[in-house]
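Coordinates in review
The lines below spell out each chain.
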Amino acid sequence: VYGAELHVGTGQAFASLKAAIAAAAPGDTISVHGGRYAEGNLQITKPLSIIGSGDPVLDGEFKSEIFTIAASDVTIRGLTLINGGRSSTKELAGIRVDAGTNIVLTDNKLLDCNYGIYLAKARDAEVLRNVIEGRPDKELNSGNGVHLWSCEGVHVAGNRVTGHRDGIYLEFSSKSAVEDNIVEKNTRYGLHFMSSHSSHYR
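Overview of the structure. Everything quoted here is computed from the prediction, not taken from an experiment. (Residues numbered from 1 in each chain as written. Predicted model: local features only at pLDDT ≥ 70, side-chain atom pairs only at ≥ 80, totals over all residues. Heavy atoms only, no water.)

Focus on the overall build of the protein
Threshold: Strands are runs of DSSP state E lasting at least 2 residues, helices are runs of H or I lasting at least 4, and numbering of each runs from the N terminus. For this measure, only C-alpha atoms enter the radius of gyration; the expected value for a globule follows 2.2 Å times N^0.38, where N is the number of residues. Think of it in three bands: with a 1.4 Å probe and only protein chains considered, a residue is buried below 20% of the maximum accessible area for its type, exposed above 50%, and partly exposed in between. Residues count as neighbours in contact if any of their non-hydrogen atoms are within 4.5 Å of one another. Here the Shrake-Rupley method, with its probe set to 1.4 Å, supplies the accessible areas, and only the displayed protein chains count as covering residues. Counted charges follow a simple rule, with Lys and Arg positive, Asp and Glu negative, and His plus the chain ends left uncounted. To locate a charge, take atom NZ for lysine, CZ for arginine, CG for aspartate or CD for glutamate.
Helix and strand counts for the protein come out as one helix and 23 strands. For the protein, whose C-alpha radius of gyration is 16 Å, the value lies close to the compact-globule estimate of 17 Å for 202 residues. Its C-alpha atoms give the protein principal-axis dimensions of about 45 × 35 × 30 Å. The buried share among the 202 residues of the protein stands at 51%. Restricting the contact set of the protein to residue pairs at least 6 apart, pairs at least 24 apart contribute 46%. Carbon together with sulfur atoms contributes 50% to the accessible area of the protein, which is approximately 9100 Å² in total. Counting 20 positive and 23 negative side-chain charges, the protein places the centres of these two groups 4 Å from one another.

Describing the sheet that holds strand β6 (residues 57-59)
The test is simple: What makes two strands pair is DSSP finding at least two bridges between them.
Within the open sheet, the seven strands sit side by side as β3-β6-β9-β12-β15-β18-β21. Their pairing is parallel. Whereas interior strands pair on both sides, the edge strands pair on one side only; in this sheet they are β3 (36-37) and β21 (182-184).

Overview of the nonpolar core
Test applied: Buried Ala, Val, Leu, Ile, Met, Phe, Trp, Tyr and Cys residues form a nonpolar core when they are joined through side-chain atoms within 4.5 Å.
Core analysis: the largest hydrophobic core is formed by 43 residues, its most contacted members being Leu17, Ile30, Ile50, Phe67 and Leu119. Of the residues forming this core, the biggest block, three residues, is contributed by helix α1 (residues 17-23). What Ile50 contacts, discounting residues up to four positions off in sequence, is Leu17, Ile21, Ile30, Val32, Ile44, Phe67, Thr75, Ile76, Arg77 and Leu79.

So, in structure tokens, the structure goes:
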């Protein structure tokens, strides 16, 4: 059984991605058409595929996390996310995953987000071919490009990460693969792993 396809954009059924997410059933695909959308704090709590067409831009306006995923079987592909929120007490990200399985984040651009992609307790995830560009700032105030915390089986490959504190950071994570990434011009480390085991770095 295949899910329905919902369309977001000018002249489409939905003017905002938030409205389409609310209306979607588990397993649906949301196609986001080209344009600029002032949207953040997008909560994904069910299996969905969100696919960009024509380089759509989601602008968090420095107010909030842009995507927070608290579900399994979620794909986000082909979106440009800009101007994520900043906080001295929360690790806000362009895309955050909280305890999801089978997550695919591929071919996105994340520009000027405090943390680019943050995975917490994720299992069997793919982080592939994303461009993640931060704003070089004081080390205390900047986050990491790709951050894995307590994850297992994550594949991080073909990404380009610049301008963050650490480019790619694994913490309490295992059985993952980090390979073929270009990581440069970050303020601390290119690749940083702490208490992370049984993983492959190439």
